[in-house]
Amino acid sequence: MGTAVADGSPAPRTWHLFCRVVDNYGDIGVCWRLARQLHRQHGREVTLWLDELASLQALQPAVDTTRARQECEGVHIRHWAAALPPLDPTDIGEVVIEAFACELPAAYLALMQATRPLWINLEYLSAEEWVVRCHRAPSPRLGLRKFFFFPGFSEGTGGLLWEPEPLHPRQAEPPPATLLHRLLQELEVTGPLPATRLAISLFAYENRAAGELLGALSEAPGGVHLLVPQGRISPAIDAWLGEPLPPGGSCCRGGLTVTALPFMTQRQYDRLLAACDLNFVRGEDSFVRGQMVARPLLWQIYPQQEAAHLVKLEAFLARYTAAMPPPLAAIIVEAHRCWNGAAACRKDDWLGLLSQLPTWQAEARRWQGQLQRLGDLASNLVAFAGNQV
Ligand code: TRH
């Protein structure tokens, strides 16, 4: 086992993360953020084993999809190919994180039986009550110490992924409008852009409520600038506009300007979230980030069979709105049900939601503070691993 590392916290030092891309970008989005943070913030030597390098390249273009081994932002990246190259015990981390029960490769597992690392199954995020009971529960396998580790929203969970403090203190953050202007320049979005009151980002799966939402936004008092990264929602946007909108292009309907954005790096997308007044987010990683930038958000949960996701959605909404003024809570709950296909959407509901944004903004900040008190997931993992050695 290693010795104390950069931040003075206890060993172990070498951490290996295994990530299998199931679909979309959430699995690697979470793993990449965690890998970077374990290295940057905790000085751990981190190796990310990943089956689809192209998914990471979408988030971090410096990644080379042709290289089986490389280093990026201080993280060692190894291609988790169907057949791994010969491994020896020095290839095994002292902590092995199996993300989202991705099933470690047999050759690696065999060596783990010799080196006996700490094995952690990092689970998906859920606001349901049972998570507290399962968090850190032992689940020994093959004679090895294996534990479940659950991110979460309450005491007794692993908390969420966020960076407690930048390593290089930044100057005071510019106002959101400046952040957005700079980001759009960087993305080469040059068209005539509106000087509107509200900036809204839209990252979503296919969604039958999209047309109704856009109709409402086009009638919002003061105007809306809707920013849509290219993705699964884009065809619905084009259909509503009646014309294809290429990345970088903008189009107006009533008081609504829609700008199509290219798919950005993860850091750029984080900046978009921080720059908008309201963010439509999805899956897990954008959902978490949307909360940690302390902005109002509307979550499209990853759909599951037999509507299992709606139970998870309600569990989140109950926690998220518990301390909010009841009228605001009711509007937020209804809008989420609507955006997730569990209730009918009406234009007036969307307009009512927009009128609540100033109050919601204050609540988003309070919620962020509440989550921060749980500590951050990477630090909680490091502390947990330190206690196991
Ligand atoms: O892409 P997602 O829907 O991801 C998932 C996966 O479907 C996964 O299988 C599922 O289990 C999980 O959700 C719950 O949404 P998510 O989690 O928000 O991940 C998107 C990532 O993409 C996130 O890290 C932000 C990043 N991103 C960019 O880097 N650039 C962009 O332009 C955008 C829009 C997102």
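Predicted model, so just to flag it, every value in this text is computed and none were measured.

Hey, could you run me through the sheet that holds strand β3 (residues 69–72) in this one?
Backbone-to-backbone hydrogen bonds pair the strands of a sheet. The strands run either parallel or antiparallel. Pairing is mixed in the open sheet, where seven strands are placed in the order β3-β4-β2-β1-β5-β6-β7. Only two strands of the sheet have a single neighbouring strand rather than two, namely β3 and β7 (146–149). Neighbour to neighbour, the strand axes of the sheet diverge by 25 degrees on average, direction disregarded. In this fold helix α1 (residues 26–40) packs onto β1 (14–19), β2 (45–50), β3, β4 (75–79), β5 (95–99) and β6 (118–122), with an angle of close to 170 degrees to the strand it touches most, β1.

Honestly, the pattern of salt bridges in this entry has me stumped. Any pointers?
Where side chains of opposite charge bring their charged atoms close, a pairing between them can arise. Taken as a whole and assessed by the stated rule, the structure comprises 17 salt bridges. Where glutamate 314 meets arginine 337, a salt bridge forms, and the shortest distance between an N and an O atom there is 2.9 Å. Of this pair, glutamate 314 sits in helix α10 (residues 308–321) while arginine 337 is found in helix α11 (residues 326–339), placing the two residues 23 residues apart along the sequence. What emerges from the salt-bridge pattern is a single network uniting Arg33, Asp270, Asp285 and Arg289.

Sorry, what's going on with the side chain of serine 55 here?
The residue serine 55 is located in helix α2 (residues 53–59) in this model. A polar contact of 3.1 Å, which involves the side chain of serine 55, links it to the side chain of glutamate 52. Those residues in contact with serine 55, other than ones at most four positions away along the chain, are Val21, Tyr25 and Ile28.

Could you clarify how one ought to interpret the environment of glutamate 163 in this entry?
By the secondary structure assignment, glutamate 163 is in the loop between β7 and α5 (176–186). Excluding residues within four positions of it along the chain, glutamate 163 makes contact with Gln37, Arg40 and Gln41. A polar atom in the side chain of glutamate 163 sits 3.3 Å from the side chain of arginine 40.

Hey, could you run me through the sheet that holds strand β11 (residues 256–261) in this one?
In spatial order, the strands read β10-β11-β9-β8-β12-β13; together these six strands make up an open sheet with mixed pairing. A single partner strand is all that each edge strand has here, and the edge strands are β10 (250–253) and β13 (297–300). With strand direction ignored, the average angle separating the axes of adjacent strands in the sheet is 15 degrees. Packing against the sheet, helix α12 (residues 347–355) makes contact with β8 (198–202), β9 (224–229), β12 (278–282) and β13, and its axis sits at approximately 120 degrees to β12.

Would you mind showing me how to read the domain arrangement of the protein chain here?
Put simply, an interface is often sized by how much accessible area is lost when its parts join up. Its domain assignment divides the protein chain into domain 1 (14–160 + 375–387) and domain 2 (170–372). The centre of domain 1, based on its C-alpha atoms, is set 29 Å off from the matching centre of domain 2. Each side of the interface is counted separately: domain 1 has 24 residues, and domain 2 has 25 residues. Considering only the side of domain 1, the residues that lose the most area to domain 2 are Arg33, Phe153 and Leu160, jointly responsible for 28% of the buried surface there. Put simply, domain 1 and domain 2 have four salt bridges between them. Seen at the junction of domain 1 and domain 2, the total is eleven residue pairs in polar contact (both at pLDDT 80 or more). For the side of domain 1 that touches domain 2, the element with the highest residue contribution is α1, accounting for five residues. A per-class count over the side of domain 1 that touches domain 2 returns 13 nonpolar, five polar and six charged.

Whenever I open this one, the state of the cysteines confuses me. Can you help?
Working definition of a disulfide: a covalent bond connecting the sulfur atoms of two cysteines. Taken as a whole and judged by the stated rule, the model has one disulfide. Cysteine 338 shares a disulfide with cysteine 345; S-S distance 1.6 Å. Its torsion about the S-S bond being 130 degrees, the disulfide of cysteine 338 and cysteine 345 is classed as right-handed. For the pair formed by cysteine 338 and cysteine 345, the shared burial category is buried. With no disulfide of its own, cysteine 251 has cysteine 252 as its nearest cysteine by sulfur position, at a separation of 6.8 Å. Here cysteine 276 stays free of any disulfide, with the sulfur of cysteine 252 as its closest cysteine sulfur at 16 Å. Residue classification places cysteine 276 among the buried residues on the basis of a relative accessible area of 1%.

How should I be thinking about the packing of aromatic side chains in this particular structure?
For the coordinates displayed, the defined rule picks out 24 aromatic pairs. For the pair phenylalanine 100 and tyrosine 124, a centre-to-centre distance of 4.1 Å together with 5 degrees between the ring planes defines the contact as stacked. Highlighted residues: phenylalanine 100 in the loop between β5 and α3 (106–115) and tyrosine 124 in the loop between β6 and α4 (130–134), separated in sequence by 24 residues. A relative accessible area of 10% means that phenylalanine 100 is categorised as buried. The exposure class of tyrosine 124 is partly exposed, given its relative accessible area of 38%. For the cation-ring pair, arginine 20 lies above tryptophan 80, with the distance from its terminal atom to the ring centre recorded as 4.2 Å.

About the thresholds
Residues numbered from 1 in each chain as written. Predicted model: local features only at pLDDT ≥ 70, side-chain atom pairs only at ≥ 80, totals over all residues. Heavy atoms only, no water. Pairing = 2+ DSSP bridges. Helix = DSSP H or I, 4+ residues; strand = E, 2+ residues; numbered from the N terminus. Axes fitted to C-alpha atoms, helices over the stretch in contact; angles between N-to-C directions. Contact = heavy atoms within 4.5 Å. Salt bridge = Lys/Arg side-chain N within 4 Å of Asp/Glu carboxyl O. Polar contact = N/O pair within 3.5 Å; in protein donor to acceptor, adjacent residues only side chain to side chain. Domains from an automatic or database assignment. Buried area = accessible area lost by both parts, 1.4 Å probe. Nonpolar A, V, L, I, M, F, W, Y, C, P; charged D, E, K, R; others polar. Disulfide = S-S within 2.5 Å. Buried < 20%, exposed > 50% of the residue type's maximum accessible area, 1.4 Å probe, protein only. Phe/Tyr/Trp six-rings, centres within 6.5 Å; stacked < 30°, edge-to-face > 60°. Lys NZ or Arg CZ within 6 Å of the ring centre and 35° of its normal.

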